[in-house]
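Structural overview for review
Each chain, letter by letter, is given below.
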Amino acid sequence: MANQAQAVSDSAAEMPQKRPRSHELNALLGLVGIALIFEILGWIFQGQSFLFNTQRLSIMILQVSVVGIIAIGVTQVIITGGIDLSSGSVVGATAMIAMSFAQVSTYPRAVYPELTDLPVIIPILIGLACGIVAGMINGLLIAFTKIPPFIATLGMMVTARGIAKWYTKGQPVSFPTDSFAALGQGMTPVFIFLAIVALFHVALKYTVYGKHTYAIGSNEQAARMSGINVERHLVLVYTIAGLLAGLAGMVIAARGLTAQAGMGIMYELDAIAMAVIGGVSLSGGRGSIIGTLIGAVIFGVIISGFTFLRLDAYYQEMIKGVIIVAAVVADVYRQRMRPRSR
Amino acid sequence: MTGEKRAGAERKVILRTEGLTKHYGGVRALEDANFELLDGEHVAIVGDNGAGKSTFVRQITGVERPTSGKILFDGQEMDFQSPVDAREAGIEAVFQNLALADDLDVPSNIFLGREETYFNLGPFSFLNEKKMLQRSQEALEKTGVKIPNLHNAIANMSGGQRQCVAISRAASFASKLILMDEPTAALGVQETTQVENIIRGLKKRGIPLILVSHNLRQVFNLVDKIWVFRRGRIAGMLEADKTDGNEVVSLITGVQSGVHENASYI
């Protein structure tokens, strides 16, 4: 026993040790590498710099920001070991519904002619409420009926898209008030994205909410045994994901000054790809908001880089698919490399 | 707190079950179990597969609710709705399937579900990592466990280290009783010895223990009394220093004779 006590104090003395190299650092190195490749290809094929072009960079960052807002919500969902396929459709539905309460009175064919020129807070609250309701339904289904998240959110994906189309019988909703449009103008989406990143980085890393999110994804049974209210926590996580999808829907609509039923198609997959590229494990328990931020930028750089190289849009879709699969394969490979006795 | 006494012993009864019964549909997993544990006492529960050992543990720790019967803990009748209730009453459990979150580090696991926070903001309360680390070090030191880097994810540790973390967690919170369901089933020889040393340490600290084990050598080494379960019923209780392997085995199997001297149980 005395030996053991000695050993303990030894181990306590050598406490400040380095952790192994993090996925975030790996992702960051990947980002630098990919950007350099496009820079070199740019000089070879286009005779100009890829990185040192403020216009291209600002377009890229704007694109990343909008889907990135969704990716932050999806990241938490994936860390719990779940998945959210509904976010793209929730974007479409929220964009339509929020926009219909943000139209100007001078536009004769407003959805609700008597409800025009409303203060901006009303469409925003309605939009957030739509996202919250969609996310909460996802969460309740997953937590209490024990439907796999894949199925529950697939159902919501189809339903929310249906709602988006049914809402105006397929007609786009346009002409928002200036104050609503301001949500998507200039660099506002980027600021919103960065604020969300900061908020959820803190929430996941420094609060009980984050600890329980990781614990559930790591070992749901252990989390339950430890007294975590797993059901309530899952509902909260999916609700927040829905809320962020709703926010993204409004930002997109405000940016384009119009809402269409087809908005946000495939965004759920882009968001999942951003998270997985950033080191969020699809089997749950691992990943971080900073990782997803880097993953989002990598994703943006690749898409923007191919556009810059004038690669056909069809090829871009194919390459996107390959990137998603490659990121998942890398994750599976990482899983195999680590000991896991469960 | 009636402090019931047994003949020859002036110690308080810490846990008592009266007619504890659990049926799963038509399966009678546990039938009329009358069990008793004194303060500071270490007892083992042995029995064949399906004898009702784990079922018994699940009722005591609040994982399941008994079909009928009473659980009296520390003099009061208990009706645990969940493991959390049992824990709040002072019962900690170390389960067969390691209730640890693999991707979290040691302090996070030790404090899982009862994190130290700075101020209460519901789920968004900020974690007091410093306090959790410090108290984890104390807890591990107290149980004599050596873990080089507490910030490592549990997944990167050996089975023995993981089990030690689980036991330290139980020992650091259990004020009144620890239950261990096959704590060494998946461990190597050296790691088993380490866990057994921790259990001896608990005995010295006077923390009562219920140990479920298949390993009769371990049982005889560690505990005061052996409760034998057979087919969902308590077949009998033997004092460890007044019995031998043969008697235990015959109670386990229900066969008085015909058990070979070198039965595979031992």
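These numbers come from a predicted model, not from an experiment.

A tally of regular secondary structure across chain A gives 14 helices and two strands. Scored against the burial criterion, the 342 residues of chain A give a buried share of 53%. With the model as given, the accessible surface of chain A reaches about 15,300 Å², and the carbon-plus-sulfur share is 69%. Across chain A, the centroid of the 22 positively charged side chains sits 5 Å from that of the 15 negatively charged ones.

What follows covers a nonpolar patch on the surface. Nonpolar side chains collect at one region of the surface, where A:Phe150, A:Ile151, A:Leu154 and A:Val158 lie side by side and expose about 360 Å² of accessible area between them. Note that A:Ile151 resides in helix α6 (residues 149-167).

This part takes up unusual backbone geometry. All names here are of chain B. The backbone of Asp74 sits at a positive phi, close to 55°, despite the residue not being glycine. According to the relative accessible area criterion, Asp74 is buried, its value standing at 10%. Here the phi dihedral of Glu182 falls at roughly 50°; this positive angle occurs in a residue that is not glycine. With respect to the element layout, Glu182 can be found in the loop between β7 (177-181) and α6 (189-205).

Residue-level contacts link 39 residues of chain A with 41 residues of chain B. Across the chain A to chain B interface the summed buried area is about 3,400 Å²; carbon plus sulfur atoms make up 58%. Where chain A touches chain B, the interface holds two salt bridges. Notably, a salt bridge pairs A:Arg286 with B:Asp103, separated by 3.1 Å at the nearest N-O pair. Every element with two or more residues in the side of chain A that touches chain B is listed here: α1 (2-13), α8 (188-206), α9 (208-218), α10 (220-225) and α11 (230-256) of chain A. By residue number, the principal contributor to the side of chain A that touches chain B is α9(A), which donates seven residues. Among the residues making up the side of chain A that touches chain B, the classes are represented as 17 nonpolar, 13 polar and nine charged.

Let us now look at the nonpolar core. A:Ile69, A:Ile72, A:Phe180, A:Phe200 and A:Leu244 are the most contacted members of the largest nonpolar core, which totals 96 residues. The leading source of residues in this core is α11(A), at 16 residues. Once residues lying within four places of it in the same chain are set aside, the contact partners of A:Leu244 are A:Ile69, A:Ile72, A:Gly73, A:Gln76, A:Ile196 and A:Phe200. In terms of nonpolar packing, the next biggest core, distinct from the first, is built from 45 residues, A:Val208, B:Val46, B:Ile198 and B:Leu211 among them.

Further remarks concern helix α5 (residues 159-173) of chain B. All names here are of chain B. Across its 15 residues, α5 extends 22 Å between first and last C-alpha, which sits within 8% of the 21 Å expected from 1.5 Å per residue. Counting buried residues in α5 gives 11 out of 15 residues, a clear majority hidden from the surface. Of the residues making up α5, those classed as buried are Gly160, Arg162, Gln163, Cys164, Val165, Ala166, Ile167, Ser168, Arg169, Ala170 and Ala171. Buried residues belonging to α5 abut β6 (91-94), α3 (106-110), α4 (129-143), β7 and α6.

So, about the confidence of the model for chain B. When the pLDDT values of chain B are averaged, the result is 85; 91% of them are 70 or greater. pLDDT under 50 marks residues 1-9 of chain B. Its contacts with residues more than four places away, or in other chains, come to 14 contacts.

All names here are of chain A. With respect to burial, helix α12 (residues 267-277) is a largely interior element, nine of its 11 residues being buried. Within α12, the full set of buried residues consists of Glu268, Asp270, Ala271, Ile272, Ala273, Met274, Ala275, Val276 and Ile277. Packed against the buried residues of α12 are α2 (23-46), α3 (54-79), α4 (87-100), α6, α13 (289-308) and α14 (313-337). With its phi angle positive at about 95°, Gly279 sits one or two positions after the end of α12.

Rules of the game
Residue positions are given per chain, counted from 1 along the sequence in the order it is written. Naming scheme: in the order in which they are written, chains are lettered from A and ligands are numbered from 1. In view of the model being predicted, local features appear only for residues whose pLDDT reaches at least 70, and side-chain atom pairs are presented and counted only at 80 or more, with totals across whole chains, interfaces and linings using the full set of residues. No hydrogens and no water enter the side-chain calculation; it runs on all heavy atoms of the structure. Helix and strand definitions here come from DSSP, where helices need a minimum of 4 consecutive H or I residues and strands a minimum of 2 consecutive E residues; each element is numbered from the N-terminal end. Burial classes: relative accessible area under 20% of the type maximum marks a residue as buried, over 50% as exposed, and values in between as partly exposed (1.4 Å probe, protein chains only). Residue exposure ignores everything except the shown protein chains as possible cover, and the areas themselves are Shrake-Rupley values with a 1.4 Å probe. The charge count treats Lys and Arg as positive and Asp and Glu as negative. His and the chain ends do not count. A single reference atom marks each charge: NZ on Lys, CZ on Arg, CG on Asp, CD on Glu. Each patch is built from residues that are more than 30% exposed by relative accessible area and take part in no salt bridge. Like charges join if they lie within 9 Å; nonpolar side chains (Val, Leu, Ile, Met, Phe, Trp, Tyr) join within 5 Å. Between Lys or Arg on one side and Asp or Glu on the other, a salt bridge is scored when a side-chain nitrogen of the former is within 4 Å of a carboxyl oxygen of the latter. Contacts were defined at the residue level, with two residues in contact if any of their heavy atoms lie within 4.5 Å. Reported buried area values correspond to the accessible surface (1.4 Å probe) lost by two parts on association, with both partners' losses combined. Amino acids are sorted into nonpolar (Ala, Val, Leu, Ile, Met, Phe, Trp, Tyr, Cys and Pro), charged (Asp, Glu, Lys and Arg) and polar (every other residue, Gly among them). Definition used in this section: a nonpolar core is a set of buried Ala, Val, Leu, Ile, Met, Phe, Trp, Tyr and Cys residues joined via side-chain atoms within 4.5 Å. The span you would expect from a helix comes to 1.5 Å times its residue count less one. What pLDDT reports is the predictor's confidence in each residue, on a scale of 0 through 100.

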